[in-house]
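In case you want the letters, here they are:
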Amino acid sequence: MTDTLNPLESAQLQIKKACEKLNLNPAVYEILKQPQRFIEISIPVKMDDGSLKVFKGYRSAHNHALGPSKGGVRFHQSVNVEEVKALSTWMTLKAGLLAIPYGGGKGGICVDPKKLSDRELESLSRGYVRGLYKYLGERIDIPAPDVNTNGKIMSYFIDEYTKLNGDKEDFGTFTGKPLILGGSLGRSEATGYGVVITTKYASKKIGLDLKNAEIGLQGFGNVGSFTLKYLVEEGAKVKYLSIRDENEECGRSALYSEDGFDYESLQKYRDENKTLVGYPKAKKISDEEFWQTKFDILIPAALENIITEKIAKNLDVKLIAEGANGPTTPEADIILKEKNVEVIPDVLANSGGVLVSYYEWIQNQYGNYWSKEEVQEKQEKDMLKALEGIFEIKEEFNTNIREASYMFAIKRIAEAMELRGWY
Ligand SMILES: NC(=O)C1=CN([C@@H]2O[C@H](COP(=O)(O)OP(=O)(O)OC[C@H]3O[C@@H](n4cnc5c(N)ncnc54)[C@H](OP(=O)(O)O)[C@@H]3O)[C@@H](O)[C@H]2O)C=CC1
Ligand SMILES: O=C(O)CCC(=O)C(=O)O
């Protein structure tokens, strides 16, 4: 069997299985298998050397049964149509399982932003909004950060959007903004914090002691870094970290620290060097050694299709928490199931990001801002509610966490679609 590596097919397969298990009207799957709206744009950018480059941009609004579309914008050289569609599908499920009033959205630009100057990046970001602004809005479609985008990009987005939208300062049209532009405390931390909430919950369910667990993490960006920070706050140690390493043929290597990594020190090194390659307080190990390590918990928090069939066959792990979107291929997922590895799926594990984006959107509507403690307390409460509902379904249907999460989310989305007369 070869890995298909198509994230949209993978999302469709998972939805189909959940719909069948719930014995839903086949119309539910027919509606959910494709986005309701998909837009492709070309963005011309005048480069610093005087030349012109045209970049491809996309925005997918998967399903608006529960409310406006919501989801991040990714700047990466591998962004493509299928990927954006799949990512928007997963967003619909995240909103469904958290019971927040959104549909799924996602966007991206096919670009390696590390190769652009600050001016080129700003021009590209503004071009993205110029191409799409008619389809964005706090009641239509609400973008946020994802891979290689951040509060600075959201600031360009909001500024360009406001200019094109008759100077209406609808700050709720974008989330993940800097605090001064209506961002929420706790949003930067939210996805990693949520990964830790779900990991702690699932570890307890399967009798794993987080404090003594052997933990491997991949990625030290927004999600990976805060996952590490909050794991350490829980008293856990992360000793293995898989990183991007362009000196290696496979593009990756890993770091090993006997005493466990320290968040501040990694962050400082990465800020100064723009990479973790050469981090002095750890031993470099190969990508191969990383995947051959016996882990209790493995947290992929970088990109999709990382855990392939080949990797899954050799993995020795008890629990996987998918911090990234789509890190496990469908074939690998079958193998993990056969090996009784528990997997907290992306739609649950990393749903803390969109949850706190929702809080940001609420705060923008009221112009009234919450403390970080209030945000995190509410995040924990809302995520525990979803976890409890999902684990009830897991037990009732004797299934795994991925399928139970899909079923829990789809039940709510299907009900909304039926009430709206869509089937
Ligand atoms: N940000 C959010 O709120 C949310 C993000 N997600 C998902 O989480 C994942 C990570 O997103 P986010 O943290 O925001 O993105 P970032 O761009 O902040 O970080 C990505 C990280 O992955 C690393 N990386 C890239 N390629 C590889 C590789 N081949 N091997 C190992 N590490 C690699 C990057 O390293 P380097 O810095 O060296 O390039 C970086 O540390 C994505 O799948 C995203 O969709 C899901 C929900 C919400
Ligand atoms: O905060 C958001 O709306 C975006 C979150 C996101 O893109 C994701 O969960 O993948």
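Model, not experiment: these values are computed from the prediction.

Q: Any chance you could explain the UniProt feature "site: Important for catalysis" (unreviewed entry) in the protein chain here in plain terms?
A: In the numbering used here, UniProt assigns the "site: Important for catalysis" (unreviewed entry) feature to Asp-146. Residue placement: Asp-146 occurs in the loop between β5 (141–145) and α5 (151–164). Since its relative accessible area comes to 18%, Asp-146 is described here as buried.

Q: Mind showing me how you'd approach the site of ligand 2 here?
A: Lining the immediate surroundings of ligand 2 are 13 residues, of which Lys-70, Gly-72, Lys-94, Lys-106 and Ser-357 lie closest. Side-chain polar atom of Asn-325 to an oxygen atom of ligand 2: 3.0 Å apart, as the coordinates give it. Ser-357 places a polar side-chain atom, nitrogen or oxygen, 2.5 Å from an oxygen atom of ligand 2. Considering ligand 2 on its own, with 290 Å² of exposed area, one finds that the protein chains cover 95% of that surface. Listed by contribution, the elements that provide at least two residues to the shell around ligand 2 are β3 (69–76), α3 (81–98) and α13 (352–366). Taken together, the residues that form the shell around ligand 2 break down as three nonpolar, five polar and five charged.

Q: I would appreciate a short explanation of the domain arrangement of the protein chain in the present structure.
A: Interfaces are often sized by the accessible area lost when the parts come together. When the domains of the protein chain are assigned, the result is domain 1 (34–174) and domain 2 (189–340). On a C-alpha basis, the centroid separation for the pair domain 1 and domain 2 is 27 Å. Counting residues at the interface gives ten residues for domain 1, matched by six residues for domain 2. Both sides of the domain 1 and domain 2 interface together cover about 560 Å² of buried area, and 47% of this is carbon and sulfur. Per-residue buried area on domain 1 facing domain 2 is highest for Arg-74, Trp-90 and Lys-114; these three make up 46% of the total on that side. Linking domain 1 with domain 2 are one salt bridge. Residues Glu-304 and Arg-74 are paired through a salt bridge, measuring 3.0 Å at the closest nitrogen-oxygen approach. At the boundary of domain 1 and domain 2, one finds two residue pairs in polar contact (both at pLDDT 80 or more). For the side of domain 1 that touches domain 2, the secondary structure elements donating two or more residues are β3 and α3. Ranked by residue count, the leading element in the side of domain 1 that touches domain 2 is α3, at four residues.

Q: Even after reading the chapter, I still don't get the pairing of strand β6 (residues 215–218), so can you show me in this structure?
A: If a strand is regular, its side chains alternate between the two faces of the sheet. Side chains of β6 alternate between two faces, with Ile-215 and Leu-217 and Gly-216 and Gln-218 buried alike. The sheet contact formed by β6 and strand β7 (residues 238–244) spans four bridges and is parallel. In the sheet register, Ile-215 faces β7, and the bridge partner there is Val-238. Handedness of the crossover is the feature at issue here: the chain leaves β6, passes through helix α7 (residues 222–233), returns alongside β7, and the resulting connection is right-handed. In this structure, β6 lies alongside strand β10 (residues 297–300), joined through four bridges in parallel fashion. Pairing of Gly-216 across the sheet is with Leu-298, part of β10.

Q: How should a negative patch on the surface be read in this particular structure?
A: Residues Glu-388, Glu-392, Glu-395 and Glu-396 make up a contiguous surface patch of negative charge. Note that Glu-396 resides in helix α14 (residues 372–396).

Q: Honestly, the site of ligand 1 in this entry has me stumped. Any pointers?
A: The local shell around ligand 1 holds 23 residues, among which Arg-74, Asp-146, Thr-191, Arg-244 and Asn-325 are the closest. Note that an oxygen atom of ligand 1 is positioned 2.9 Å from one of the backbone N or O atoms of Asn-222. In this structure, Ala-302 approaches ligand 1 through a main-chain N or O atom, which is 3.2 Å from an oxygen atom. Contributing elements (two or more residues each) for the shell around ligand 1: α6 (187–205), α7 and β7. No other element matches the three residues that β7 contributes to the shell around ligand 1. The residue makeup of the shell around ligand 1, split by class, is eight nonpolar, nine polar and six charged. Residues from two domains meet in the shell around ligand 1; each of domain 1 (34–174) and domain 2 (189–340) gives at least three.

Q: Any chance you could explain the pattern of salt bridges here in plain terms?
A: Here the idea is simple: oppositely charged side chains can pair when their charged atoms come close. By the definition in use, this model includes 34 salt bridges. Measuring nitrogen to oxygen at the nearest pair gives 2.7 Å for the salt bridge that ties Arg-59 to Asp-141. You can see Arg-59 sitting in strand β2 (residues 52–63) and its partner Asp-141 sitting in strand β5, a full 82 residues away along the chain. Across the salt bridge formed by Glu-233 and Lys-229, the nearest N and O atoms sit 3.4 Å from each other. Here Glu-233 pairs with Lys-229, and both are found in helix α7, just four residues apart, close to one helical turn. A relative accessible area of 56% places Glu-233 in the exposed class. A cluster of three or more residues bridged by salt bridges with shared partners is formed by Glu-122, Arg-126, Arg-130, Asp-159, Glu-160 and Lys-163.

Q: Where do I start with the sheet that holds β3 in this structure?
A: What links the strands of a sheet is backbone hydrogen bonding, and the strands pair in either a parallel or an antiparallel sense. Strands sit in the order β1-β2-β4-β3-β5 across an open sheet of five strands; the sheet is mixed. Each edge of the sheet is formed by a strand with only one pairing partner; in this case those strands are β1 (37–46) and β5. Strand-to-strand, the axes of this sheet are offset by a mean angle of 25°, without reference to chain direction. Examined bridge by bridge, β3 and β5 share five bridges and lie parallel to one another.

Q: So what exactly am I meant to see when it comes to the packing of α7 against helix α8 (residues 263–273) here?
A: Pairs of packed helices are described in terms of their axes, by the angle between the two and the distance that separates them. Following both chains from N to C, one finds α7 and α8 inclined at 155°, their axes separated by 9 Å at the closest point. The orientation of α7 with respect to α8, classified from their angle, is roughly antiparallel. Counting all contacts with α7, which are made through Ser-225, Phe-226, Leu-228 and Lys-229, the residues of α8 involved are Tyr-263, Leu-266 and Gln-267. Among the residues making up the contact of α7 with α8, the classes are represented as four nonpolar, two polar and one charged.

How each quantity is defined
Residues numbered from 1 in each chain as written. Chains lettered and ligands numbered in written order. Predicted model: local features only at pLDDT ≥ 70, side-chain atom pairs only at ≥ 80, totals over all residues. Heavy atoms only, no water. UniProt positions renumbered as here; feature names shortened; annotations may be inferred. Helix = DSSP H or I, 4+ residues; strand = E, 2+ residues; numbered from the N terminus. Buried < 20%, exposed > 50% of the residue type's maximum accessible area, 1.4 Å probe, protein only. Near = heavy atom within 4 Å. Polar contact = N/O pair within 3.5 Å; in protein donor to acceptor, adjacent residues only side chain to side chain. Areas by Shrake-Rupley, 256 points an atom, 1.4 Å probe, with all protein chains shown as cover. Nonpolar A, V, L, I, M, F, W, Y, C, P; charged D, E, K, R; others polar. Domains from an automatic or database assignment. Contact = heavy atoms within 4.5 Å. Buried area = accessible area lost by both parts, 1.4 Å probe. Salt bridge = Lys/Arg side-chain N within 4 Å of Asp/Glu carboxyl O. Pairing = 2+ DSSP bridges. Right-handed = clockwise from strand over helix to strand, strands pointing away. Patch = residues over 30% accessible without salt bridge, like charges linked within 9 Å, V, L, I, M, F, W, Y side chains within 5 Å. Lys, Arg positive; Asp, Glu negative; His and termini not counted. Charge placed at Lys NZ, Arg CZ, Asp CG, Glu CD. Axes fitted to C-alpha atoms, helices over the stretch in contact; angles between N-to-C directions. Parallel < 35°, antiparallel > 145°, perpendicular 65-115°, else oblique.

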